[in-house]
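What the coordinates show
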Amino acid sequence: MPRTLIVSNRLPTKVQRTDDGLTFQPSEGGLATGLGSIYRQDDNLWIGWPGLFVQDEAEENHIRTELADDNMAPVFLTEDEIHNFYEGFSNSTLWPTFHYFSELATYEQTHWDAYVTVNEKFCEAVLAQAGPEDTIWVHDYQLLLLPEMLRKARPEASIGFFLHIPFPSQELIRVLPWRTELIRGMLGADLIGFHTFGYMRHFLSAVSHLLGYPAQNGQIETPNRSVRVDAFPMGIDYGRYAEAAASEATAAHMAEYREALRETRVILSIDRLDYTKGIAQRLKAFDLLLQRYPEWRGQVSLLMLVVPSRDQVAQYAALKEEIDNIVGRINAQYRTISWNPILYFYRSLPLEELTALYRLAEVALVTPMRDGMNLVAKEFIASKLDQRGVLILSERAGAARELSDAILINPTDVNQVVEAMHDALVMPEEEQTTRMKAMQALVKRYNVFSWTRLFMNQLAYTKMKQHTLEAEQLTPTVTKQLLADFHAAEGERLILLDYDGTLVGFHPNPQRAQPGEELRLLLRALSDLPHTRVVIISGRDRDTLQNWLGDLPLDFIAEHGVWLRSAGEDWHLFQPLRNDWKRELRPVLELYVARTTGSFIEEKDYSLVWHYRRADADLGQERARELLSHLSFMTANTDLQVMEGNKVIEIKNAGINKGTAAARWLAQYQPGFVLALGDDRTDEDTFRAMPEEAYTVRVGTGVRSLARFNLASPIEVRQLLRKLLA
Ligand code: GDG
């Protein structure tokens, strides 16, 4: 039975060495509970680091066996690896960059090398476990390279990837020396999930800027696969928090805290120690609240729980010191014998104490500078059994996209935070309940289980769609049949070859894509075969084709069917055509060239083309859409056609295309064998015109095509053509 393998840096169990030997404890956290429902089922498995450095093989085996009983498989990492891969590249390069703290990022080659090595280690561990039918779900920024590594080893595997932190603007990503490797790494997945639509948009823009791959409706077309990208806001295990909040243990803790605090009202703040969480800024805002509204002194305390985290990374140690200092200063300034302005805890608490705090607090202050989602905000909501309480939430947390009934603030606007705290403290109960009810309904519905389900269903659907869209690969068996048919064919044998993207790869400057000697020799040899006509069928102008290949005994269809030439004869027009329209439309294209740096016009005898391959990717796309609607307006009710190609927009006479031209060759030669190869939308016209038994081949995979078969790139095309010579 197919299994699901979950892969993350840490396992949901923490192994620790104590005086009594090794202990195995479940680690808390949203991911562990959310995916708990999956990995414990059937033979499913969770693969990750167990959290300690093993001493010897015996210890390794012991841990492996213990974890196997609970559907887990460990990846053992050395101290050096944790230092360079985890504290280094993951937490000192990726984490700050992805949270818009580029100034804190370091760029160390040794850290990167370890990141690659550890991702490879994870890859081996997954491959050792994964069967061909299994689904692999990779998590988070520590494993960005893993999807591509897995894809190389298992081209057919179902691979999902989810990023738990923000994906920043491509401006930030560009700063990373290893930016393309990282993006390519992620693109190994079939489905890539983010918390918000905004992160997804940033990712698409990075892919388009750095790799030039186009995307439509969340579908990225890489040269050989299509990858789906979508937003899946992560939820919490709502029932677990609501039940814990209602438990006797929680009630007992609450009563104890209430007694100690007497009448003091509580504003709650809970975070891992991290500079992205805006803890110092939050303290400054609380200080200002006490200055601006002295009536709250003695009445309100900020209960601040900071959970120790990453203290091996220098910035975190410095942050801890900064927080300690600010808390000390504020408390020293305002404290009275019976009141503490800030109740500060630097440790982790058991779940029932946490939910007691959630229930006790009237206000939750969640003000990160950046946060992928922020689960604390959702847990506070789930724990509010009496439906009272106010959430103050940073607009830069992913959760703000869903929780619009919170008081949303900009965390750097300290005045706004102060006013939000004041407003929250005086908010009428009725309004609190209205807002809380709405948020509870949402958090309850989109919980961690629905999140998991949505992601897994989408992954299965993506995989299924890939299969239905893809033409059949030109496998060795099909190739064998093709060659047999080629040799056995009676009468003429016709080979129709598109040029750019089929025989040669794309070049930023189209005039630089001339054929090399190897390609010319190959085409000559093919056309020298008996009863074989080789037709170059291209959108290019006839002069270029003539200059590059005109001396060879080939047939030509140029300008998408406007100009035709049989070997040894002269060029002639498909039919008499007008080109006086160019005078009117050229100025329109010139306007777009002026407004789009890098774009240019190509003028052919009977068509005009606007190229934007060299323009900024986003701007090019934007202008292309504008130009398309501009031109459709200008060419309405004429015999002109506006056509969109690969980073080009072309205006030409309607009714003439590669297909109508190719049909003439079919009619004239009545071939006993046809092979047609092409890579873009204009070649679909050729495929449509071909007889059913023709071998039609689309170059580039994962796109919908009328062709029967599919090859990955011009390299494979040439390999196939060489086989015809054998
Ligand atoms: C990353 C992203 C994204 C905290 N203190 C205690 C405790 N916690 C638990 C909370 C919550 C979790 O830790 C923290 O989750 P967050 O979402 O707030 O933040 P990150 O750890 O930075 O998580 C984040 C998340 O991944 C999921 O995708 O939301 O944006 O940065 O569950 O309850 N739990 C216990 N005691 C504590 O003292 N038991």
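Before going into details, it helps to say that this report is about the structure given with it. (Residues numbered from 1 in each chain as written. Predicted model: local features only at pLDDT ≥ 70, side-chain atom pairs only at ≥ 80, totals over all residues. Heavy atoms only, no water.)

**Remarks on the site of the ligand**
To keep it simple, the criterion reads: Being near a molecule or strand, for a residue, means having at least one of its heavy atoms within 4 Å of it. For the purposes of these results, a polar contact is taken to be a pair of N or O atoms within 3.5 Å, where, inside protein, one atom must be able to donate a hydrogen and its partner to accept one; residues adjacent in sequence count only when each atom of the pair is a side-chain atom. Surface exposure here means Shrake-Rupley accessible area, sampled with a 1.4 Å probe, where a residue is shielded only by the protein chains that are shown. A run of DSSP states H or I qualifies as a helix once it reaches four residues; a run of E qualifies as a strand once it reaches two. Both are numbered from the N-terminal end. Amino acids are sorted into nonpolar (Ala, Val, Leu, Ile, Met, Phe, Trp, Tyr, Cys and Pro), charged (Asp, Glu, Lys and Arg) and polar (every other residue, Gly among them).
If you check the shell around the ligand, you find 22 residues, and the closest are H164, L349, D371, M373 and E379. Here a nitrogen atom of the ligand and a backbone polar atom of L349 are 2.5 Å apart. Within the backbone of N374, a nitrogen or oxygen atom sits 2.9 Å from an oxygen atom of the ligand. In the complex, 87% of the free accessible area of the ligand, which totals 730 Å², lies under the protein chains. Of all elements in the fold, only strand 12 (265-272), strand 13 (300-307), helix 13 (351-360) and helix 14 (375-383) reach the threshold of two or more residues within the shell around the ligand. Partitioning the shell around the ligand into residue classes produces twelve nonpolar, five polar and five charged.

**Structural notes on helix 21 (residues 581-595)**
For clarity, the cut-off: Multiplying 1.5 Å by the residue count of a helix minus one yields the expected span of that helix. Burial classes: relative accessible area under 20% of the type maximum marks a residue as buried, over 50% as exposed, and values in between as partly exposed (1.4 Å probe, protein chains only). Here, two residues are considered to be in contact whenever any of their heavy atoms come within 4.5 Å of each other.
Over its 15 residues, helix 21 runs 22 Å from end to end, which matches the ideal 21 Å to within 8%, given 1.5 Å per residue. Buried within helix 21 we find W581, K582, L585, V588, L589 and Y592. Contacts made by the buried residues of helix 21 are with strand 24 (600-603), strand 25 (607-611), helix 22 (617-635), strand 26 (640-645) and strand 27 (648-653).

**Looking at the nonpolar core**
Keep this limit in mind: Throughout this description, the term nonpolar core refers to a set of buried Ala, Val, Leu, Ile, Met, Phe, Trp, Tyr and Cys residues connected via side-chain atoms within 4.5 Å.
Ranked by size, the top nonpolar core spans 102 residues in total, and within it F167, L182, I183, L187, F194 and F203 carry the most contacts. Judged by nonpolar contacts, the second largest core, of 64 residues, contains L67, A382, V443 and M456.

**Focus: the pairing of strand 14 (residues 342-346)**
Applicable threshold: Note on pairing: DSSP must find at least two bridges between two strands before they are called paired. Crossovers are marked right-handed if the path from the first strand over the helix to the second runs clockwise, as seen with the strands pointing away from the viewer.
The pairing of strand 13 with strand 14 spans five bridges and is parallel. Along strand 14, the bridge assignment pairs M304 with Y344. In this view, the connection linking strand 13 to its parallel neighbour strand 14 by way of helix 12 (residues 314-334) has right-handed handedness.

**Some points on the packing of helix 9 (residues 238-246) against helix 13**
Short version of the rule: Lines are fitted to the C-alpha atoms to define the axes, a helix being fitted only along its stretch in contact, and any angle between axes, read from their N-to-C directions, falls within 0 to 180 degrees. An angle counts as roughly parallel when it lies under 35 degrees, as roughly antiparallel when it exceeds 145, as roughly perpendicular when it falls between 65 and 115, and as oblique in every other case.
Where helix 9 meets helix 13, the axes come as close as 9 Å, and the angle between the chain directions of the two elements is 85 degrees. As far as their axial angle goes, helix 13 and helix 9 are roughly perpendicular. Facing R240, Y241, A244, A245 and A246 of helix 9, the residues of helix 13 in contact are L351, T355, Y358 and R359. Taken together, the residues of the contact of helix 9 with helix 13 sort by class into six nonpolar, one polar and two charged.

**Thoughts on the pairing of strand 20 (residues 532-537)**
Taken across its six residues, strand 20 has six buried, putting it largely inside the fold. Judged by which residues are buried, strand 20 turns out to be covered on both faces: T532, V534 and I536 on one side and R533, V535 and I537 on the other are all buried. On the question of chirality, the crossover connecting strand 19 (residues 493-497) to the parallel strand 20 by way of helix 19 (residues 517-528) is right-handed. Looking at chain direction, strand 20 and strand 21 (residues 555-558) are connected through three bridges and run parallel. Along strand 21, the bridge assignment pairs V535 with D555. Each parallel crossover has a hand, and for strand 20 linked through helix 20 (residues 542-549) to strand 21 it is right-handed.

**Description of the packing of helix 7 (residues 179-186) against helix 8 (residues 197-211)**
Between two packed helices, the angle of one axis relative to the other and the distance separating the axes together describe the packing. How we decide: A clockwise turn of the near helix away from the far one marks a right-handed crossing, whereas an anticlockwise turn of less than a right angle marks a left-handed crossing.
Between helix 7 and helix 8, the shortest axis-to-axis distance is 10 Å and the interhelical angle comes to 125 degrees. Relative to helix 8, the element helix 7 is oriented oblique. Taken as a pair, helix 7 and helix 8 cross one another with a handedness that is left-handed. Between helix 7 and helix 8, the residues in contact are R179, T180, I183, R184 and M186 and F203, A206, V207, L210 and L211, respectively. Of the residues that constitute the contact of helix 7 with helix 8, the class distribution is seven nonpolar, one polar and two charged.

Any functional reading would require information that these geometric values do not contain.
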